[in-house]
Structures are given as structure tokens and as C-alpha cells.
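Close look at the chain arrangement
Listed below are the residues making up each chain.
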Amino acid sequence: MKKSIIFVLLITLLVVMSGCSPVATTEAPAAGEAPAAGEAPAAEAPAAEAAPAKDVTIGFIPMTLDNEYFITMVNAAQQEADKLGVKLQVQAGTSHGSAEEQLQIVETMITNKVDAICIVPSSSVGLMTALKKAEEAGIPVINLDTALDAELVKSNGLKPVPFIGTNNYDGAKLAGEYALEITGGTGKVAILTGIAGQQNAADRRNGFYDVVNGKLEVVAEASADWEVEKGYNAAQNMIQANPDLVLIFASNDNMALGAIRAAKEAGKDIKVIGYDAIGEALNSVKAGEMAATIAQFPAEMGIQGVQAAMTLLGGGSMPDYTYTETRPITSENVDDFMTYLAKFKTAEAVEEPAAEAAPAKDVTIGFIPMTLDNEYFITMVNAAQQEADKLGVKLQVQAGTSHGSAEEQLQIVETMITNKVDAICIVPSSSVGLMTALKKAEEAGIPVINLDTALDAELVKSNGLKPVPFIGTNNYDGAKLAGEYALEITGGTGKVAILTGIAGQQNAADRRNGFYDVVNGKLEVVAEASADWEVEKGYNAAQNMIQANPDLVLIFASNDNMALGAIRAAKEAGKDIKVIGYDAIGEALNSVKAGEMAATIAQFPAEMGIQGVQAAMTLLDGGSMPDYTYTETRPITAENVDDFMTYLNQFK
């Protein structure tokens, strides 16, 4: 799952954002040489970095505390809070449906002036007044596990509340697929659902139903409000009405445990699949009673919730949705999962034994950045290498000679497939050029993870391929931050120009459009030109722009290379033109520090590299990944550049 690194007062959650720059080579680059096994280990973020967070209090509100799922979430959040030196104030209602209690808890936390709130909501409707009060008080709210109704939030005039949790629909699809496998695709099944009106209840029911409908016969459905006894009673009724049931899917483990008891008492051999992977369910799987449970990762939600709170308190942004993994837990992998969970049995951190990484030693992950002559991708590769070393897997790194080297990339991918790597992480130069290679990888059973620059999803689909999970920045949102900063430093008046990346690349379009949509109608966009992500082309294009528009006040360059070229052009023309870049590479950070570049939009390529390796291991272990995992973006200015440079040093 996602790891983060201390960055000032904040922690950066997942990395992403389509990088942009040229590259080439085959080993982890020297400029940021990743340590080989046995050499210097990955640099630790200095402990002192966490110190400023000591006065921060985060309110943490699970749906309840009488359920192991939420206890695991809270314990992991507490471990992360302790690690960062912040206070976690935990409180919950007495049951899953205690919306009024939750409202009172939130309002009390606002009155007590907590700095941020993480909440698993019992109800969307019941929380709107509290969310409004939090927004007015400047207290960021992070929505965990059960998604708030986004339309309701919007209709109440509130800003979007970032969500971190499972894609319950996709998780329940895994349950449906496993149900088809263990029933042979025939027989009658029933579904136990959660609280009516809760989005996760609907998503779990629908994900399962959409997979089995037309293959298995769904003969009964009933809500059991997530509770054991209600699950038991509902299952009794289902079995009495349908004595030939072959399987029950329960939308959480509590209801599944009730269903198992009902089946036992009725003397029926009915397979039961649960959802959540709580301890009692795992024991049931281990004992051969529950067929499977769909694992969510509440510990990761708790950890990422605390990290997201720190990110927002530090002035950063969060994507609207961050989805965590789901995985079927069966008798084959239950022991491994129970070992993983053991470290969250208490709120105190448990050191994992180094030997845990050993089983992965024969895994080879092909890692293909767009190029290796750009610090952005070097950082990504070095972080990926550190993570691979930590997990005991081999990273095979290779890249083309430039950003646009689609043919070279195709050859690299095909060679890796021929050499039977276990998984591939790639920053694509082109979607069109990779379709044949993606098809070969899918046929060979080699999972592919798309980093930084998103493949064309429609093209993937039209070629009959499965979706390729993407980990990277929402470039449109990142460029909106650039537009907002441009309005701030220009006072909202004057002429501006835009340098764009390679025509046809999605991240180039997203960055241009995000900036343009914010400034259009406020600043006058008088010129646009593609400079293919390159310094010299950025320099030449900016020269032409300045000659044609001598009264330019600002240039937005869609990556730092082009921004550096634009700064040189402005200097030579003797013009005081503000320049905003994108990517936060070293030379750009030095330029910001020197007062030459106004700002650069930071992506977190290190996190993309780390999460790419983690995603590869998740897929190789039979887990699933959401189609899109977006990471943070943040403007780096003279005010926070030193802190960001300290963060980056650990990936040198």
C-alpha cells in the first residue's frame, strides 16, 4: 500500500503526476544511484522533520469501535500519529448507524478546535451541517472507508471532501468471480446487504450481482445492517425459503459469520463469502468454514488518513478519491494475511522481521521510465530501487533515449516479456505504440502498471485489453494550482503565455487545460507553443513569444525543462517575466531558491516509483488495483523550497 515520507509538517501521500522529460540507459542512474543490496540503505527522513507537528491534534472518528475492522484502522492511525509526533483524538458512536451521535462528536471536535478530522461517516445527510461548520472553521476533513454522497456535498455548497478507501464495487466483483469459481458457475445464491442508503452497501451488492447475474441464480436478498445477529436471522429465512442454496455472499464479515451459523444449524453445506477480513472471519477461513473474505486494508486507510490530514494542514492538496487495494483471502493465503494484520493488534508500532522479504527474492520487475536523462525519472527509479531492495525483489531498469522514443519503448517491453520478467512498470511514451506489447504481456500473464503518464483508456479497451492500473498525478488538478498561483502573483491582470509538452500526450493536454481553465477570462492568454518538454525548445519558443509580446507578465511551462529555457530567454531579453514550471526537479528548485523561477508544481515521482513496485507485488500476489490512483501535487515557492529539497535528498 502507499507509503509516505515526512515533508516539513506534512507527509506526502502517494506520488503521481505525469512526469515529463527525456531519458535513456539500462541501470539505475548514477546521478541518483540507488544503493545496491549490501550498499548504503535508503536514506531516512531526518527525525527532526516531524518536530513541528507536535502541537497538531487530529480528530479520528471511525463508524464504531466494537468492530475489529475499525479497531485495526484506529491502531494503524495511532501508530502513524505517534511516528509523526501528532495527537490523535479518537471517538466513535455506539453503533454503525449512529448518525446523531457522530454529528455531536464532530461538532464537539470543531468546538474544541482540533486541527483536522478523519471520519468514517454513518450518514451523509446527517453530517452536512457539521461539514459546513468545519469548512467555515478552516478544519480540513478527510473521508475514510465509506464515501460521502458527493452530489449532496456539492448541493450544500461545500468543497469536495477527499476520500480514502476501498472501491467497494471492484472488491465485490472479486467476490463474484470467486463465487463463480467455487460453484462451477451454477446454482442458487443469496446476498446479505448492509445498511440501506449507505453507498458501500449498494456498491458491494452491485459489484457481486453484476458478476454473477445470468450465471448464478440470485434467489434472495436482505439487509442485515452489517450485524452478526441480523445476518444470522436473515440467513435462516433465506435457507428456509431456498433449501437448495449453494452460496451466500455477505457484504461484511459480521453478517457472514451469522450466515455460517445459520447454515450449520440447518445442516446445509452452503458456501459463504464475507467482506472485510476481520480476525474472526480469517479464523473461519483457516478452519475451512468461510470460503473466502474480501480483504480491505483498514490499516492503510488509517495511516493514509493521518498523512492526508498533515498534507492538507501543510497547504497541499489531495485527490477527490484515493482507492486502496482489495484481495480475496482464502485458505491459500490466509496465514500470510494474518501475519500482516498482527502488527496492528495494538496502537504501538511493531517492527517487521527482515526475513519477511525473503520469499520475494526470485521476483523480477521490469521498470521502464520514459527516459533516464531527467532528474524527475531518476528520482522515480531510485525510489523504486530502494523499495525493491526492501522487498527483496530485482528491478530491471531500461529506458528509451528521449521522451518520444515509442519504438524503443516497444522493443524494451517486448524484450522484457521474452525474458519473462514477472511484472512491468512503465511510463509510456505513446499509447498507440504500446498496444501490441500490452497484448503480449496480458497473454503471458505479466501484470503491467502504468506510471505517471496515463495510457489512453479507450484505446486500451478498443484493443480488447483489460484496464491497466494507473498510478500518477492528476495533471489537470496540478496545473490548476499553477493557474491559481499565477492569478495570485500577477494580481489577476496581464498577458500570459503557455509552453506545452508533446502534442498528443494526455499529460501535456491536461497541464495546458488545467492552467488555462483557471486563468481564462482573468489573464489574457496571448501565446501557446509546444516545446516537447525540452530546455532548448522551451528557450526558442519563449524567445518568439517575448518578441511577439514584449509586455508578457508570466509564462507557464508544462514542465521544468521548458521553464528553465523560458527563464533564460526572459533574462536575455531583459524582461521581468514570472515563470512557473512543473515537476520540481533539482535545477528548478535551485532556480526557485535563487528567486528566478516563481514556482514549480511538485509531483512526487519517488512515491510513484515506490507505489509502482508495491502494486506489482500486489498483483503478483493475486490482489487487485484500482484503475486510477492519484497522488498529491503542491506548488513549491520560495517559502517551502528548502523543506522540499530536504525531502528529496533521501532519493539521491
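See the structure printed just above.
All of the points below concern the structure found in this document. (Residues numbered from 1 in each chain as written. Predicted model: local features only at pLDDT ≥ 70, side-chain atom pairs only at ≥ 80, totals over all residues. Heavy atoms only, no water.)

Our next topic: the sheet that holds strand β4 (residues 87-90). With parallel pairing, the six strands of this open sheet are ordered in space as β4-β3-β5-β6-β7-β13. Strands with a single pairing partner mark the edges of an open sheet, and in this sheet they are β4 and β13 (321-324). The mean inter-strand angle of the sheet, taken between neighbouring strand axes irrespective of direction, is 20°. As judged from the four bridges shared by strand β3 (residues 57-61) and β4, these two strands associate in the parallel manner. Each bridged residue has a counterpart across the sheet, and for Gly59 the counterpart in β4 is Gln89. (Pairing = 2+ DSSP bridges. Helix = DSSP H or I, 4+ residues; strand = E, 2+ residues; numbered from the N terminus. Axes fitted to C-alpha atoms, helices over the stretch in contact; angles between N-to-C directions.)

Time to look at the environment of Asp422. With respect to the helices and strands, the residue Asp422 is situated in the loop between α13 (406-418) and β17 (423-426). The class for Asp422 is partly exposed, based on a relative accessible area of 28%. With 58 residues separating them along the chain, Asp422 and Thr364 place their C-alpha atoms 5.4 Å apart. When residues no more than four places from it in sequence are discounted, the contact partners of Asp422 are Asp362, Val363, Thr364, Ile446, Pro447 and Leu620. Side-chain polar atoms of Asp422 contact the backbone nitrogen of Thr364, separated by 2.7 Å. (Buried < 20%, exposed > 50% of the residue type's maximum accessible area, 1.4 Å probe, protein only. Contact = heavy atoms within 4.5 Å. Polar contact = N/O pair within 3.5 Å; in protein donor to acceptor, adjacent residues only side chain to side chain.)

One can find Ile365 in strand β15 (residues 364-368). On the basis of relative accessibility, which here comes to 0%, the residue Ile365 falls in the buried class. Each C-alpha atom, one on Ile365 and one on Gly612, is 9.8 Å from the other, the two residues being 247 residues apart in sequence. Excluding residues that lie within four positions of it along the chain, Ile365 makes contacts with Val393, Lys394, Leu395, Gln396, Ala423, Cys425, Val613, Ala616 and Met617.

Compared with the 20 Å implied by 1.5 Å per residue over 14 residues, the 20 Å span of helix α7 (residues 228-241) between its first and last C-alpha is a close match. The set of residues buried in α7 consists of Gly231, Tyr232, Ala234, Ala235, Met238 and Ile239. Of the surrounding secondary structure, the elements contacted by the buried residues of α7 are β8 (188-193), β9 (217-223), β10 (245-250) and α8 (253-265). (Expected span 1.5 Å × (residues − 1).)

This next bit is on the pattern of salt bridges. In total, this model carries 22 salt bridges according to the counting rule given. A salt bridge links Lys132 to Glu136; its shortest N-O distance comes to 3.9 Å. A residue pair is termed a helical-turn pair when its members lie 3 or 4 positions apart in one helix, as Lys132 and Glu136 do in helix α3 (residues 128-136) at four residues. Accessibility expressed as a relative area gives 40% for Lys132, which makes it partly exposed. (Salt bridge = Lys/Arg side-chain N within 4 Å of Asp/Glu carboxyl O.)

What follows deals with the sheet that holds strand β24 (residues 599-602). In space, the six strands of this open sheet follow the order β21-β20-β22-β23-β24-β26, with mixed pairing throughout. Of all strands in the sheet, those with a lone pairing partner are β21 (524-530) and β26 (634-636), marking the two edges. Going across the sheet, the axis of each strand differs from the next one's by a mean of 20°, ignoring polarity. Sheet topology note: the β24/β26 ladder contains three bridges and is antiparallel. Note that in β26 the partner of Thr600 across the bridge is Ile636.

With that out of the way, let us pick up the pairing of strand β6 (residues 141-144). Strand residues, when the strand is regular, have side chains that alternate between the two faces of the sheet. Side chains Val141 and Asn143 project from β6 onto one buried face, and the interleaved Ile142 and Leu144 project onto a second face that is buried too. Of the strand pairs in this sheet, strand β5 (residues 116-119) and β6 are connected by three bridges, and their pairing is parallel. Each residue of the ladder has a partner; that of Ile119, found in β6, is Asn143. Taken together, β5, α3 and β6 constitute a β-α-β crossover, and its handedness is right-handed. Here β6 pairs with strand β7 (residues 163-166) via two bridges, running parallel. Paired with Leu144 across the two strands is Ile164, which belongs to β7. (Right-handed = clockwise from strand over helix to strand, strands pointing away.)

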